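Each chain, written out:
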Amino acid sequence: MDKRTFVKGIALAGVGIPLSGNALTRWAGRFAEGSPQALASNEDFWTGVRGGYRLKPDYINLENGYYNILSEETLENHIRHLREVNYEGAYYMRTVQFDNKRAIAARLASLMGCTPEELVITRNTTESLDMIIGGIHWKEGDEAVMAEQDYGSMLQMFKQVGKRYGVVSKVLSVPNHPASDEELVNLYAGALSSRTRLLMVSHMINITGQILPVRKICDMAHARGVEVMVDGAHTVAHIQFSIPDLGCDYFGSSLHKWLSAPLGTGLLYVKKDRASSIWPLLAEPDMSLTGIGTLNHTGTLPVHSDLAIGDAVDYYLRLGPEKKEARLRYLQQYWTSKVRDLAHVVVNTPADPTRSCGIANVGIQGMPPAALAETLLKRYKIYTVAIDGAGVHGCRITPNVFTLPEELDVLAGALKELGAV
């Protein structure tokens, strides 16, 4: 059997969960006994979950970190919301739109362990965090600390405020394989000075999947009078946590990633009483608003996508946060354990399971990442993305809950072949 036939075969595997609201609940109920860790390797369960997705059979999709496709259940609800908003037209937009959005935001706040007064729906992490970077009342000579492994859009925004206000960006480099939390905390501590206004840190580094000790970094920064902004693009509905437990002042995430909500949905958290110190991106027409609401005006939006966030939350909770996290970590450990010790194969993600979850990055010595990504797609029908910079040279591998070990075996086999050349 050639690789294309194999890929199509596993894409069609699965029992197929019917598109009813209680389908996943019923399916999960059949596997209620046992720990999430034990269920992480139960392929009967996850093949059933896979049946709730429509997957393109032409390639193995291992680039879910950019956009985690919607389950068919969530997708159908999204379309239903679009039809209803279109049916009601301006009546919907002028009457219940804002109440519905606040209700969905409150659900997100509950999921993230914060108050509704601290969280709003945005379009993505970039909008959320750039709003903070651009909204701080900077003075010439103020400093901001960040890492070269942070997301490019935010790094560019810091350059922009540097040109506009004279802000100095101090850029450090996070090691791919730190020896301890203390090494990382001390790295950030060493970059702070009396002029530092803001420290940005990734909860999970997007190019390697490394989870950073955010609470320890926040406590260190706050002890020095520095606010902390956390890029949580890849952690919401990926790993379990509460935003207040991180101890940060600002937090942003993209919900079209691991929550599998529609494209163009995100969140912004601002610690209580911090919102008044941020200039809004766009002026709010309702001048009576206070708090984080003043930061949430971006004009007319596809409100049906906001409504579908609630459906994505429902799906995530029915699947089970503990089960999802355990499965994603299992899948990453499954394939990285097969290649980590191979000659000429470089895994740019810590082996310690507490320092990563579903995302990992792998490279082949002497092979440019772009060439590796192209070869994986053309020769092995594996779709991923090349990362080449900031001390990381390889392809980011991001499976999802519908990914099967057999697909990761194809990846491991490909890496073994390419590393032996």
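Criteria and cut-off values
- Residues numbered from 1 in each chain as written.
- Predicted model: local features only at pLDDT ≥ 70, side-chain atom pairs only at ≥ 80, totals over all residues.
- Heavy atoms only, no water.
- Helix = DSSP H or I, 4+ residues; strand = E, 2+ residues; numbered from the N terminus.
- Rg over C-alpha atoms; globule rule 2.2 N^0.38 Å.
- Buried < 20%, exposed > 50% of the residue type's maximum accessible area, 1.4 Å probe, protein only.
- Contact = heavy atoms within 4.5 Å.
- Areas by Shrake-Rupley, 256 points an atom, 1.4 Å probe, with all protein chains shown as cover.
- Lys, Arg positive; Asp, Glu negative; His and termini not counted.
- Charge placed at Lys NZ, Arg CZ, Asp CG, Glu CD.
- Phe/Tyr/Trp six-rings, centres within 6.5 Å; stacked < 30°, edge-to-face > 60°.
- Pairing = 2+ DSSP bridges.
- Polar contact = N/O pair within 3.5 Å; in protein donor to acceptor, adjacent residues only side chain to side chain.
- Core = buried A, V, L, I, M, F, W, Y, C linked by side-chain atoms within 4.5 Å.
- Axes fitted to C-alpha atoms, helices over the stretch in contact; angles between N-to-C directions.
- Parallel < 35°, antiparallel > 145°, perpendicular 65-115°, else oblique.
- Left-handed = near helix turned anticlockwise from the far one by under 90°.
- Nonpolar A, V, L, I, M, F, W, Y, C, P; charged D, E, K, R; others polar.
- Arc of directions from axis to C-beta.
- Salt bridge = Lys/Arg side-chain N within 4 Å of Asp/Glu carboxyl O.

A. Main features of the overall build of the protein. Helix and strand counts for the protein stand at 16 helices and 13 strands. Taken over C-alpha atoms, the radius of gyration comes to 22 Å for the protein, in line with the 22 Å a tight globule of 421 residues would show. For the C-alpha atoms alone, the extent of the protein along its principal axes is close to 65 × 55 × 40 Å. Out of the 421 residues belonging to the protein, those deemed buried represent 56%. Taking contacts inside the protein between residues at least 6 apart in sequence as the whole, the part at least 24 apart equals 72%. Only carbon and sulfur atoms are counted for the fraction: they give 53% of the accessible area of the protein, which is about 18,000 Å². When the 42 positive and 45 negative side-chain charges of the protein are each reduced to one mean point, those points stand 3 Å apart.

B. Structural context of the packing of aromatic side chains. Counted by the stated rule, this structure contains eight aromatic pairs. Relative to Y315, the ring of Y53 lies with its centre 6.2 Å away and its plane at 85°, an arrangement referred to as edge-to-face. On the criterion of sequence distance, the pair formed by Y53 in the loop between α4 (43-50) and β1 (60-61) and Y315 in helix α13 (residues 303-319) is long-range, its members being 262 residues apart. For Y315, a relative accessible area of 9% gives the class buried. Between the aromatic rings of Y59 and Y383, the centroid separation amounts to 6.0 Å while the plane-to-plane angle is 50°, which identifies the pairing as tilted. Here Y383 lies in strand β11 (residues 382-383) and Y59 lies in the loop between α4 and β1, a separation of 324 residues in the sequence. Residue class for Y59 comes out partly exposed when judged on its relative accessible area of 28%.

C. Spatial organisation of the pairing of strand β7 (residues 250-254). Burial runs high along β7: five of the five residues are buried. Burial along β7 is two-sided: Y250, G252 and S254 and F251 and S253, pointing in opposite directions, are all buried. As paired strands, β7 and strand β8 (residues 266-270) are joined by five bridges and run antiparallel to one another. If you follow S254 over to β8, its bridge partner there is G266.

D. The side chain of N61, seen in detail. When you line up the elements, N61 lands in strand β1. Here the side chain of N61 touches E63 through a polar contact of 3.0 Å, landing on its backbone nitrogen. Apart from residues lying up to four places away in sequence, N61 is in contact with Y383 and T398.

E. Main features of the nonpolar core. Counting 57 residues, the largest nonpolar core has Y188, L199, V201, F251, L259 and I309 as the members making the most contacts within it. Apart from the residues lying within four places of it in its own chain, the contact partners of L259 are L108, V236, A237, I309, A312, V313 and Y316.

F. The packing of helix α5 (residues 72-88) against α13, seen in detail. Relative to each other, α5 and α13 sit at 155°, their axes nearing to 9 Å. When the interaxial angle is binned, α5 and α13 end up roughly antiparallel. At the point where α5 passes α13, the crossing takes the right-handed sense. Counted together, E73, T74, N77, H78, R80, H81, L82 and V85 of α5 and V303, H304, S305, L307, A308, D311, A312, Y315 and R318 of α13 form the full contact between these two elements. Classifying every residue of the contact of α5 with α13 by side-chain character gives seven nonpolar, six polar and four charged.

G. Up close: the packing of helix α15 (residues 369-380) against helix α16 (residues 405-420). Where α15 contacts α16, the axes come no closer than 11 Å and their chain directions differ by 120°. α16 is crossed by α15, and the crossing has right-handed handedness. Taking contact as the criterion, the partners of L372, T375, L376, R379 and Y380 in α15 are, on α16, V410, L411, A414, L415, E417 and L418. Residue composition of the contact of α15 with α16, grouped by class: eight nonpolar, one polar and two charged.

H. View of helix α11 (residues 214-223). Looking only at α11, the buried set comprises V214, I217, C218, M220 and A221. For α11, the arc enclosing every buried residue in end-on projection is 165°, short of the 170-degree limit, so these residues lie on one face. Buried-residue contacts for α11 involve α10 (181-189), β5 (196-202), β6 (227-231) and α12 (243-246).

I. View of the pattern of salt bridges. Inspection of every chain in the model, using the stated rule, returns 21 salt bridges. Across the pair E73 and R318 runs a salt bridge whose closest N-O atoms are separated by 1.9 Å. Of the two residues, E73 sits in helix α5 while R318 sits in helix α13, which places them 245 residues apart along the sequence.

J. Fine view of the sheet that holds β7. One open sheet accounts for seven strands, arranged β2-β8-β7-β6-β5-β3-β4; its pairing is mixed. Unpaired on one side and paired on the other, β2 (119-122) and β4 (168-172) mark the two borders of the sheet. Across this sheet, the average inter-strand angle for adjacent strands is 20°, counted without regard to direction. Relative to β4, strand β3 (residues 143-147) runs parallel, the two sharing five bridges. Looking at β4, one finds that A144 is bridged to S169. Packed onto the sheet, helix α8 (residues 125-135) meets β2, β6, β7 and β8 and runs at close to 155° relative to β7.

The values reported here are purely geometric and, on their own, carry no functional implication.
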